[in-house]
Amino acid sequence: MSVPPDLTARPSLPLRLLRSPLGRIVAFVVTLTVLGFIAGHIYAGVGLPRGRLPFDQVTPLIEAFRLLPVVLAYWLLVRTIEGRRIDELAPRKAIPHLALGLLGGALLFSLVVGTLYALGAFVVDGVNHDVAWLGPILVTGVGAGVGEEIISRGVLFRIVEEGLGTWASLLVSATFFGGAHAWNPGATAWSAIAIALEAGLLFGLLYNLTRSLWLCMGVHAAWNIAQGPFYGIPVSGFQQRGLLASHMQGPDWLTGGSFGAEASVVALCICSIATAVCLAVAVRRGTLAPPPWRRPTPPSVV
């Protein structure tokens, strides 16, 4: 007579460590590194150009090679280690959440530009009729929106929130997000802090409220596309030739300097207002996860 499996048995210690918050983050980093190494060799083998390319030389195939390791590493993390569906990237959410995010991101950055224009800091010199749209949109929109949101919100924010609560995950993910931009051209300590406060906190709370990476990707992509390919403002230190031929005038604290409008106090103030609104909604809805020592103890199963 066969003995039924013990469904209440605890997983082994190695499995528990792997499924812990720190274990999953480490597993993602290792998987991403391995997949990036493999993709890099395939990339070189098919003869694609190597090194840092000008944005207008980036093709869909090149950007696909850049994003595939991140997307696949996340899929493996969620499906094999966490053993669940990827609800934050559910296909049914893609169109409505992406559309809402794209609209919100474009409007948010346009509000920043409108304020800078009213203050005399943003000046339009004319219109560029021969803009190369595809490459800049692939890099600043698709690449940054998908890759950075998977890493910063899908992995770091989500998993740290499970382990330490929402406040800790906001601090950790925002610090990481700002620090990841600290080596960009024209970056300063202030620009890294500004990005952490205005985008890191806002995107984290957007994910907390919606549990949708589609929405975060849309906001992130639209902000960058509006900033560079449309308004012609540097995106995180990378110079852009946008539809509008424009330039900034005034002190760096107002314009953001060579780094771009993300380092402007105007962007910081406007995004901080949006963050405060999201925080108020999160408090009202009760979506802020407490740290583990303040969570109720689940009832024991008899």
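Along every chain, residues carry numbers that run from 1 in the direction the sequence is written. Residue-level local features of this predicted model are given only where pLDDT is at least 70; pairs of side-chain atoms are given and counted only at 80 or more, and the full residue set underlies all totals for whole chains, interfaces and linings. With hydrogens and water excluded, all non-hydrogen atoms of the structure serve as input to the side-chain values.

Some details on the overall build of the protein
Worth spelling out the cut-off: We count a stretch as a helix when DSSP gives it H or I for four or more residues in a row; a strand needs E for two or more, and each element gets its number in order from the N terminus. Any residue under 20% of the maximum accessible area for its type is buried, any over 50% is exposed, and the rest in between are partly exposed; the area is computed with a 1.4 Å probe on protein chains only. Residue contacts are counted whenever heavy atoms from the two residues lie within 4.5 Å of one another. Note on areas: these come from Shrake-Rupley sampling with a 1.4 Å probe, and a residue is covered only by the protein chains present in the view.
Helices and strands together make up the secondary structure of the protein, namely 10 helices and 2 strands. Its helices and strands taken in sequence order, the protein reads α-α-α-α-β-α-α-α-α-β-α-α from the N to the C terminus. Dimensions of the protein, computed from the C-alpha atoms along their principal axes, are close to 85 × 50 × 35 Å. Within the protein, buried positions represent 45% of all 302 residues. Put simply, of all contacts in the protein between residues at least 6 apart along the chain, 74% involve residues at least 24 apart. Carbon and sulfur atoms provide 71% of the accessible area of the protein, an area that totals close to 15,600 Å².

Observations concerning the nonpolar core
As a rule of thumb, soluble globular proteins bury nonpolar side chains together. The line we're drawing: Here, nonpolar core means buried Ala, Val, Leu, Ile, Met, Phe, Trp, Tyr and Cys residues that are tied together by side-chain atoms lying within 4.5 Å of each other.
Core analysis: the biggest nonpolar cluster contains 57 residues, and Tyr 74, Phe 109, Val 112, Leu 116, Leu 206 and Tyr 231 have the highest contact counts within it. Element by element, the count of residues in this core is highest for helix α7 (residues 189-210), at 8 residues. In contact with Leu 116, other than residues within four places in its own chain, are Ala 121, Phe 122, Met 248, Leu 254, Ala 261, Ser 264 and Val 266. Membership of the second largest hydrophobic core comes to 9 residues, among which are Tyr 43, Phe 55, Val 58 and Phe 65.

Points about helix α4 (residues 91-118)
Rules: Each residue after the first adds 1.5 Å to the expected span of a helix. Bend, at a single residue, is the angle you get between axes fitted to the 7 residues ending at that residue and the 7 residues starting at it.
Its 28 residues give α4 an end-to-end C-alpha distance of 41 Å, which sits within 8% of 40 Å, the value for a rise of 1.5 Å per residue. The largest bend in α4 amounts to roughly 30° and is located at His 97. Within α4, the full set of buried residues consists of Lys 93, Ala 94, Gly 101, Gly 105, Leu 108, Phe 109, Val 112, Val 113 and Leu 116. Downstream of α4 by a residue or two, Gly 120 has a phi angle that is positive, lying close to 80°.

Here we look at the packing of α7 against helix α8 (residues 213-230)
How two helices sit against one another is set out by the angle between their axes and by the gap between those axes. Put simply, the test is: For helices, the fitted line uses only the C-alpha atoms of the stretch in contact; every axis is such a line through C-alpha atoms, and the angle between N-to-C directions lies from 0 to 180 degrees. What sets the label is the angle itself: under 35 degrees gives roughly parallel, over 145 gives roughly antiparallel, 65 to 115 gives roughly perpendicular, and the rest give oblique. A clockwise turn of the near helix away from the far one marks a right-handed crossing, whereas an anticlockwise turn of less than a right angle marks a left-handed crossing. Classes in brief: Ala, Val, Leu, Ile, Met, Phe, Trp, Tyr, Cys and Pro nonpolar; Asp, Glu, Lys and Arg charged; the others, Gly included, polar.
At a minimum axis separation of 8 Å, α7 and α8 run at an interaxial angle of 150°. The angle between α7 and α8 places the two elements in the roughly antiparallel class. For the crossing formed where α7 meets α8, the hand is right-handed. Packed against α7, whose contacting residues are Glu 198, Phe 203, Leu 206, Tyr 207 and Thr 210, the element α8 presents Leu 213, Leu 215, Cys 216, Val 219, His 220 and Trp 223 at the interface. Looking at the contact of α7 with α8 residue by residue, the classes come out as 8 nonpolar, 2 polar and 1 charged.

Regarding the packing of helix α2 (residues 21-45) against helix α5 (residues 134-164)
Direction vectors running N to C along α2 and α5 enclose 160°, while the axes themselves pass 8 Å from each other. As summarised for this structure, α2 and α5 are arranged roughly antiparallel, according to the angle between their axes. In this structure, the crossing between α2 and α5 has a hand that is left-handed. From α2, Pro 21, Arg 24, Ile 25, Phe 28 and Leu 32 reach across to α5, where they touch Ile 151, Val 155, Leu 156, Arg 158, Ile 159, Val 160, Glu 162 and Gly 163. Its residues placed into classes, the contact of α2 with α5 shows 9 nonpolar, 1 polar and 3 charged.

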